Amino acid sequence: MSERTPRPMSRRQLTMMSLGGAIGTGLFIGSGSGIAAAGPAVVVSFAVAGFLVILLMNMMAEMAAARPDAGAFSVYAEKAMGFTAGAVIGWLYWIQAVVVIAAEATAAAAITAAWFPAIPQGVWVLAFLAVFTAVNLMAVSGFGTFEYWFAMLKVLAIVGLLAVGAAMIFGLLPGVAAPGLDNLFGHGGFAPHGITGICSALLIVVFAFGGTEIVTIAAAESDDPARNIGRAVRSVLVRILVFYIGSVLVMVTVLPWNSTDLAAGPFVAVLKAARLSGVETVMAAVIVIALLSALNANLYGASRMLLSLSRRRIAPQALGRRSANGAPRPAVLACVAFGAVTVVLNFLAPDLVLPMLLRVVGSTVLVVWVFVAVSQLLLRRRADREGTPLSFRMWGFPYLSVLALLLLAAIMVLAMLDPANRIQLLSTIGLTVLLAVLCRIFVPRPAPVPAAGHAGPGAPATRADDPADAAGGIREPARAAGPGR
């Protein structure tokens, strides 16, 4: 008889975490590059990217509702395509997450050190890593509360921008002239660079949605995974589109798309145009919060993925233990250790280490999304063929699943046509192939699970039957005796 996770994550926390995972520096800073590439038509780029994310989140929700698991898309890839696929995508996600932990800590420390020049940047990095290690060693409900308020602060920043922008557009701010629609259709028109600009911006903005996949990892530690994942996805999707498309629409309506201020920092540019004082400091604080929220979420996702890899005998078994409060302490400490080593190496060679690592893992989100789409397509077909009931079903199947794959393929083709993105994508694909080779050579294959004990792809979501999982309540894939657990 399995135990339930002590004080698991609530549906409200899961919903806000999934929303916060999709809101980061890609919107606060990166949207300026998208505007420069496409002009006002960047709204189309965000709409296409947002539609793709809606499809992918529904795919992930279907699989997570059927089988909530800390390994999430790694486990689903294994069930759909075999052991090597699951191992590769698990390690690829983990590597990307620990590199991002180092990058976010370094970026947040650089901003904070500018406020307090007497304290060296390295001290801030260590402080951030120490604080978020402690947060991730809490019970999952404590982590959920922490990330809930982080996400809330980012949401409030966006709501504030939308409110200020709307007031400017409708001439409600004293002393600020209403821009009308001149900026949307002047300065070369709505799409000054045509379809090429829209495609170029799509390459930029699609990465702004990276992080949404963490909701499937977190769902496994919520109080009712099968129901919560569906509710979280449904409530978040509209908000993501409103926040992203609404924010960008405000930016290109309030200011000319070719404004240098807009390219440098779109949120700050809009607030400065509204003649609000102190906006640079406020937005710098919001960006630090976004960076630290991403650090926190990536540490959470990386530690849970490492936990799952360990329990599936793909990573060292010592990393598969949980403490009394359900936190995967060895996995958290291992992730922080790798992140800290990366930070130290970056300080020794700042123009080499992190830029190189970020280039290698820069397209990880695309590879993960491809694995997600293929896994859902295969597992759903298998579930339908076997008559397995699913508590959450991807709508428009199989047409929308195929459409998602076609959109991902188109984005990859666009990336290959751009020199900078080509290097990044090829580097990530090269890392993926290397991981596949290493997994084939060094990771022992699990023994096949007997048919009588095999749960179908749409088996009802249950808590762990293995006593080793009791503290965390995570349902891991069953293994036969021998190389398995």
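What you see is a predicted model; the values in this text were computed from it and never measured. (Residues numbered from 1 in each chain as written. Predicted model: local features only at pLDDT ≥ 70, side-chain atom pairs only at ≥ 80, totals over all residues. Heavy atoms only, no water.)

Examining the overall build of the protein
At step 1: Within the protein one finds 19 helices and zero strands.
At step 2: Here the protein holds 485 residues, and the buried ones make up 57% of them.
At step 3: Long-range pairs, those at least 24 residues apart, make up 81% of the contacts in the protein between residues at least 6 apart in sequence.
At step 4: As displayed, the protein offers around 18700 Å² of accessible surface, 69% of which is attributable to carbon and sulfur atoms. (Helix = DSSP H or I, 4+ residues; strand = E, 2+ residues; numbered from the N terminus. Buried < 20%, exposed > 50% of the residue type's maximum accessible area, 1.4 Å probe, protein only. Contact = heavy atoms within 4.5 Å. Areas by Shrake-Rupley, 256 points an atom, 1.4 Å probe, with all protein chains shown as cover.)

Details of the nonpolar core
At step 1: Phe 28, Phe 73 and Trp 369 are the most contacted members of the largest nonpolar core, which totals 155 residues.
At step 2: No other element matches helix 5 (residues 83-115), which puts 19 residues into this core.
At step 3: The residues contacting Phe 73, other than those within four sequence positions of it, are Ile 89, Tyr 93, Glu 213, Thr 216, Ile 217, Met 305, Val 368 and Val 372. (Core = buried A, V, L, I, M, F, W, Y, C linked by side-chain atoms within 4.5 Å.)

Regarding a nonpolar patch on the surface
At step 1: Among the surface-exposed residues, Met 416, Leu 426, Ile 429, Val 433, Leu 434, Val 437, Leu 438, Ile 441 and Phe 442 lie close enough to one another that they form a single nonpolar patch of about 810 Å² accessible area.
At step 2: Take Leu 438: it is sitting in helix 19 (residues 419-442).
At step 3: Accessibility expressed as a relative area gives 36% for Leu 438, which makes it partly exposed. (Patch = residues over 30% accessible without salt bridge, like charges linked within 9 Å, V, L, I, M, F, W, Y side chains within 5 Å. Salt bridge = Lys/Arg side-chain N within 4 Å of Asp/Glu carboxyl O.)

Points about unusual backbone geometry
At step 1: At the junction of Phe 397 and Pro 398, the peptide bond is cis and its omega measures out at 0° in the coordinates.
At step 2: In this structure, Pro 398 sits in the loop between helix 17 (364-386) and helix 18 (399-417).
At step 3: Positive phi outside glycine occurs at Arg 313, with the angle close to 65°.
At step 4: In this structure, Arg 313 sits in the loop between helix 14 (279-311) and helix 15 (329-348).
At step 5: What makes Arg 313 partly exposed here is its relative accessible area of 25%.

Focus: helix 15
At step 1: Between its terminal C-alpha atoms helix 15 stretches 29 Å, which fits the 28 Å expected from 20 residues at 1.5 Å a residue.
At step 2: Buried within helix 15 are the following residues: Ala 331, Val 332, Ala 334, Cys 335, Val 336, Gly 339, Thr 342, Val 343 and Asn 346.
At step 3: Its buried side turned inward, helix 15 meets helix 5, helix 6 (121-136), helix 14 and helix 16 (353-361). (Expected span 1.5 Å × (residues − 1).)

Observations concerning the packing of helix 9 (residues 194-205) against helix 18
Geometry of a packed helix pair, given as the angle between the helix axes and the separation of the axes.
At step 1: Running from N to C, helix 9 and helix 18 cross one another at 105°; their axes reach a closest spacing of 10 Å. Relative to helix 18, helix 9 is oriented roughly perpendicular. Taken together, the residues of helix 18 that come into contact with helix 9 (itself represented by Cys 199, Leu 202 and Leu 203) are Ile 411, Leu 414 and Ala 415.
At step 2: Along the lines of polarity and charge, the residues of the contact of helix 9 with helix 18 split into six nonpolar, no polar and no charged. (Axes fitted to C-alpha atoms, helices over the stretch in contact; angles between N-to-C directions. Parallel < 35°, antiparallel > 145°, perpendicular 65-115°, else oblique. Nonpolar A, V, L, I, M, F, W, Y, C, P; charged D, E, K, R; others polar.)

Considerations on the packing of aromatic side chains
How two aromatic rings sit relative to each other is set out by the distance from centre to centre and by the angle between their planes.
At step 1: As enumerated under the stated definition, the model contains 14 aromatic pairs in all.
At step 2: When the centroid spacing of 6.3 Å and the interplanar angle of 65° are considered together, the rings of Phe 46 and Phe 209 count as edge-to-face. Separated by 163 residues along the polypeptide, Phe 46 in helix 3 (residues 42-66) and Phe 209 in the loop between helix 9 and helix 10 (214-219) bring together distant segments of the chain.
At step 3: Given the relative accessible area of 1%, Phe 46 is considered buried.
At step 4: Judged by centre distance (5.2 Å) and plane angle (85°), the rings of Tyr 148 and Trp 149 are edge-to-face.
At step 5: Judged by relative accessible area, which is 9%, Tyr 148 ranks as buried.
At step 6: Since its relative accessible area comes to 52%, Trp 149 is described here as exposed.
At step 7: Grouping aromatic residues by their ring pairs yields a cluster made of Phe 46, Phe 209 and Tyr 244. (Phe/Tyr/Trp six-rings, centres within 6.5 Å; stacked < 30°, edge-to-face > 60°.)

Some remarks on the pattern of salt bridges
At step 1: Following the criterion strictly, the structure yields six salt bridges and no others.
At step 2: Across the pair Arg 304 and Glu 221 runs a salt bridge, and its minimum N-O distance is 3.0 Å. Note that Arg 304 is positioned in helix 14 and Glu 221 in the loop between helix 10 and helix 11 (225-254), a separation of 83 residues in sequence.
At step 3: Of the residues examined, Arg 304 reaches a relative accessible area of 1% and is grouped as buried.
At step 4: Glu 221 is the partner of Arg 322 in a salt bridge, and the nearest nitrogen-oxygen pair spans 3.0 Å. Of the two residues, Arg 322 sits in the loop between helix 14 and helix 15 while Glu 221 sits in the loop between helix 10 and helix 11, which places them 101 residues apart along the sequence. The residues Arg 322 and Glu 221 share a single accessibility class, namely buried.
At step 5: Here the salt bridges do not stand alone but share partners, grouping Glu 62, Arg 380, Asp 384 and Arg 393 into one network.

As for the side chain of Thr 342
At step 1: Among the structural elements, Thr 342 can be located in helix 15.
At step 2: Given the relative accessible area of 11%, Thr 342 is considered buried.
At step 3: Leaving out residues up to four positions away in the same chain, Thr 342 has contacts with Ala 102, Val 353, Leu 354 and Leu 357.

Comments concerning helix 16
At step 1: Along helix 16, the residues that are buried comprise Val 353, Leu 354 and Val 361. Buried residues in helix 16, looked at end-on, bunch into an arc of 85°, giving them a common side.
At step 2: If you follow the buried residues of helix 16, they end up packed against helix 5, helix 15, helix 17 and helix 19. (Arc of directions from axis to C-beta.)

What about the packing of helix 17 against helix 18?
At step 1: Where helix 17 meets helix 18, the axes come as close as 10 Å, and the angle between the chain directions of the two elements is 155°. Here helix 18 runs roughly antiparallel to helix 17, going by the angle between their axes. Handedness of the crossing formed by helix 17 with helix 18: left-handed. Listed contacts from helix 18 to Leu 366, Val 367, Trp 369, Val 370, Ala 373, Val 374, Gln 376 and Leu 377 of helix 17 are Ser 401, Val 402, Leu 405, Leu 408, Ile 411 and Met 412. (Left-handed = near helix turned anticlockwise from the far one by under 90°.)

What about the confidence of the model for the protein?
At step 1: Residues at a pLDDT of 70 or more form 90% of the protein, whose mean pLDDT is 82.
At step 2: Note that residues 1-5 has pLDDT below 50 and, in this model, 13 contacts with residues that lie over four places away or in other chains.
At step 3: The low-confidence segment residues 451-485, where pLDDT is below 50, has 99 contacts with residues more than four positions distant or belonging to other chains. (pLDDT = per-residue confidence, 0-100.)

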